[in-house]
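# Per-entry structural report
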Amino acid sequence: MTSAYQKMTDAELDAALAELEREAADLRAAGLKLDMARGKPSPEQTALSRPMLDLVTSGSDLTDGGSFADNYGDPDGLPSARALAAELIGVDAANVSVIGSSSLNLMYDCVMNGYVHGIAGERPWCQQGTVKFLCPAPGYDRHFTVTESFGIENVPVPMREDGPDMDVVRELVEGDPQVKGIWCVPRYANPTGVTYSDDVVRAFAALRPAAPDFRIFWDNAYCVHTFAGEGDPLMNIFDALAEQGGEKNLVYEFASTAKVTFPSSGMAWVAASPADMAELRAAFSAMRVSPEKISQLAHVRFLKDAAGVAEHMRRHAELVAPRFALVEEKLSAGLGDLGVASWTHPKGGYFVSFEGPEGSAKAIVELAGELGVKLTPAGAPWPYGADPADTNIRIAPTYPSLEELGKALDVFVVAVRLVAARLARAERA
Ligand SMILES: Cc1ncc(COP(=O)(O)O)c(C=O)c1O
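Here is a short report on the structure shown in this document. Since this is a predicted model, take the numbers as computed values, not measurements. (Residues numbered from 1 in each chain as written. Predicted model: local features only at pLDDT ≥ 70, side-chain atom pairs only at ≥ 80, totals over all residues. Heavy atoms only, no water.)

Scanning the protein chain for helices and strands turns up 14 helices and 15 strands. Its C-alpha atoms give the protein chain a radius of gyration of 23 Å, near enough to 22 Å, the size a compact globule of 429 residues would have. Counting only C-alpha atoms and orienting by the principal axes, one finds that the protein chain spans roughly 75 × 55 × 35 Å. When each of the 429 residues of the protein chain is scored for burial, the buried share is 54%. Taking as baseline every contact in the protein chain between residues at least 6 positions apart, the subset at least 24 positions apart corresponds to 77%. On the protein chain, roughly 17,700 Å² of surface is accessible, and the fraction owed to carbon and sulfur atoms is 52%. (Helix = DSSP H or I, 4+ residues; strand = E, 2+ residues; numbered from the N terminus. Rg over C-alpha atoms; globule rule 2.2 N^0.38 Å. Buried < 20%, exposed > 50% of the residue type's maximum accessible area, 1.4 Å probe, protein only. Contact = heavy atoms within 4.5 Å. Areas by Shrake-Rupley, 256 points an atom, 1.4 Å probe, with all protein chains shown as cover.)

Dropping the structure here:
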């Protein structure tokens, strides 16, 4: 793509550069302090869940069927919490464990179990020499950090508009027994907003891994986070496995209410085949007697069921959708006809993935920082922070107020334009 700056004569480009440098100097002088780096709900969003805090008090009934929230027991979580979790991701509650407040923590525990104890009777990964995980990129940096922290080799896989490139995934998973896992965010992926197509989900279910201890880490973090109506349809991976016939031990699915109720004070869960769950339960039983259940009780009393969650998420969407609309509006108005950038247009989730000219992302993030706008570090959505073309920037629009977000986007647009114009100038030097 040839940019408007590349098409300019030298004189036109110098004039455009001078104007942009002036705009940047004005912004620098304004001393702004804005933040578009954080994939967090805004204070108005977390306020939606405050009534939950009144539902479990000293006078509350703390029983749940035959279970007790105020004592040990139910290592897989309260029955009602398991039922809610299972309904939200469309699985049998018998195959769900609701544990703790962080799905990332559960993912870590599952990786650690493979690393320390081994999966499906295979030797622990720590005794198998080089072990690899596939990382569709751009993706969620904290996934990559989990596997990197164990010394597992993170291998980037291209992300397409309908999910990871399954030809590449199939070749690596079926051809290389060192490949033990893949990180997936199947609905409204972080950061692209992509939802995997049925073909991609079926292709995952049809994998015949070279390693018997390979598992798909299916992080359905944004399964209920849609901006309008039903949102993007996502085929249930366990239904896709059932289509194949027979029991296949292939998928660990994770989710949480982190961005439904309170980040770090929600409830998190994992689901898998009966055999995989038996193995995970054995590992979890060495970690704790039983999970924190009072929070589970509050969640169930507040959210009730999938319909209750959908209603609650509609109220989140009323706050979130205008912010995403503003991103679209500001980027289209500021960059739309310059041919310097493209970005995603998600219908749910928490992020917009932005692509600038080659070799621009680090410079844009740095310049925006100088002008008072903090962005996620360039390269973060790639394993080892290494974006090969230095083009990708993750935009997180949920936390700032609409007014702050508008100002931050104006700064971002100036930073993109100035870096693109500087690159066009440097090409001619
Ligand atoms: C894809 C994805 N998975 C997991 C998490 C973290 O979830 P939790 O708070 O349940 O650990 C996030 C948070 O941003 C995320 O984007």
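Moving on: the sheet that holds strand E9 (residues 215-219). On the basis of which strands lie adjacent, the open sheet formed by eight strands has the order E4-E11-E10-E9-E8-E5-E6-E7 and mixed pairing. Each of the sheet's edge strands pairs with one partner strand only, and the pair in question is strand E4 (96-98) and strand E7 (163-164). Sheet topology places strand E6 (residues 153-160) next to E7; two bridges connect them, and they run antiparallel. Its bridge partner lying in E7, Met159 is registered against Pro164. In the packing of helix H5 (residues 103-116) onto the sheet, the strands contacted are strand E5 (132-137), strand E8 (179-184), E9, strand E10 (251-256) and strand E11 (268-271), and the crossing angle to E10 comes to about 155 degrees. (Pairing = 2+ DSSP bridges. Axes fitted to C-alpha atoms, helices over the stretch in contact; angles between N-to-C directions.)

Our focus in this paragraph is unusual backbone geometry. Excluding glycine, residues mostly have negative phi values, and the peptide bonds linking residues are mostly trans. Cis peptide bonds are those with omega within 30 degrees of zero, and the linkage from Ala137 to Pro138 qualifies with 5 degrees. With an omega of 5 degrees, the peptide bond between Asn190 and Pro191 qualifies as cis. Relative to the helices and strands, Pro191 resides in the loop between E8 and helix H8 (198-205). The backbone phi angle of Lys304 is positive, close to 70 degrees, even though this residue is not glycine. By the element assignment, Lys304 lies in the loop between helix H11 (294-303) and helix H12 (306-335). At Asp390, a residue that is not glycine, the phi angle is positive and equals roughly 50 degrees. Of note, Asp390 is situated in the loop between strand E14 (373-374) and strand E15 (392-395).

Our focus in this paragraph is the nonpolar core. Core analysis: the largest hydrophobic core is formed by 63 residues, its most contacted members being Val169, Tyr196, Phe204, Phe214, Ile216, Trp218 and Trp269. The dominant element in this core, judged by the number of residues it contributes, is helix H4 (residues 79-89), at six residues. When residues no more than four places from it in sequence are discounted, the contact partners of Val169 are Leu134, Val157, Pro164, Ile182, Phe204 and Leu207. If you look at the next biggest cluster of nonpolar residues, it comprises 47 residues, including Leu338, Val365, Ile393 and Val419. (Core = buried A, V, L, I, M, F, W, Y, C linked by side-chain atoms within 4.5 Å.)

Further remarks concern the site of the ligand. Around the ligand, the neighbouring residues are Ser102, Ser103, Leu104, Tyr140, Val185, Asn190, Asp219, Ala221, Tyr222, Ser256, Ala258 and Lys259. Within the side chain of Ser103, a nitrogen or oxygen atom sits 2.8 Å from an oxygen atom of the ligand. Between the ligand and Tyr222, the relevant distance is 2.6 Å, taken from an oxygen atom to a side-chain nitrogen or oxygen of the residue. In the shell around the ligand, the residues fall into six nonpolar, four polar and two charged. (Near = heavy atom within 4 Å. Polar contact = N/O pair within 3.5 Å; in protein donor to acceptor, adjacent residues only side chain to side chain. Nonpolar A, V, L, I, M, F, W, Y, C, P; charged D, E, K, R; others polar.)

Two elements, E5 and E6, share six bridges in a ladder whose sense is parallel. Its bridge partner lying in E6, Pro136 is registered against Val157. In this fold, E5 hands off to helix H6 (residues 141-149), which returns the chain to E6; that crossover is right-handed. (Right-handed = clockwise from strand over helix to strand, strands pointing away.)

It is worth spelling out helix H10 (residues 274-285) at this point. The first and last C-alpha atoms of H10 sit 16 Å apart over twelve residues, in line with the 16 Å expected at 1.5 Å per residue. Inspection of H10 places Asp276, Met277, Leu280, Ala283 and Phe284 among the buried residues, and these make up the whole buried set. Buried positions in H10, seen along its axis, are confined to an arc of 120 degrees and lie on one side of it. If you follow the buried residues of H10, they end up packed against E4, H5, E9, E10 and E11. (Expected span 1.5 Å × (residues − 1). Arc of directions from axis to C-beta.)

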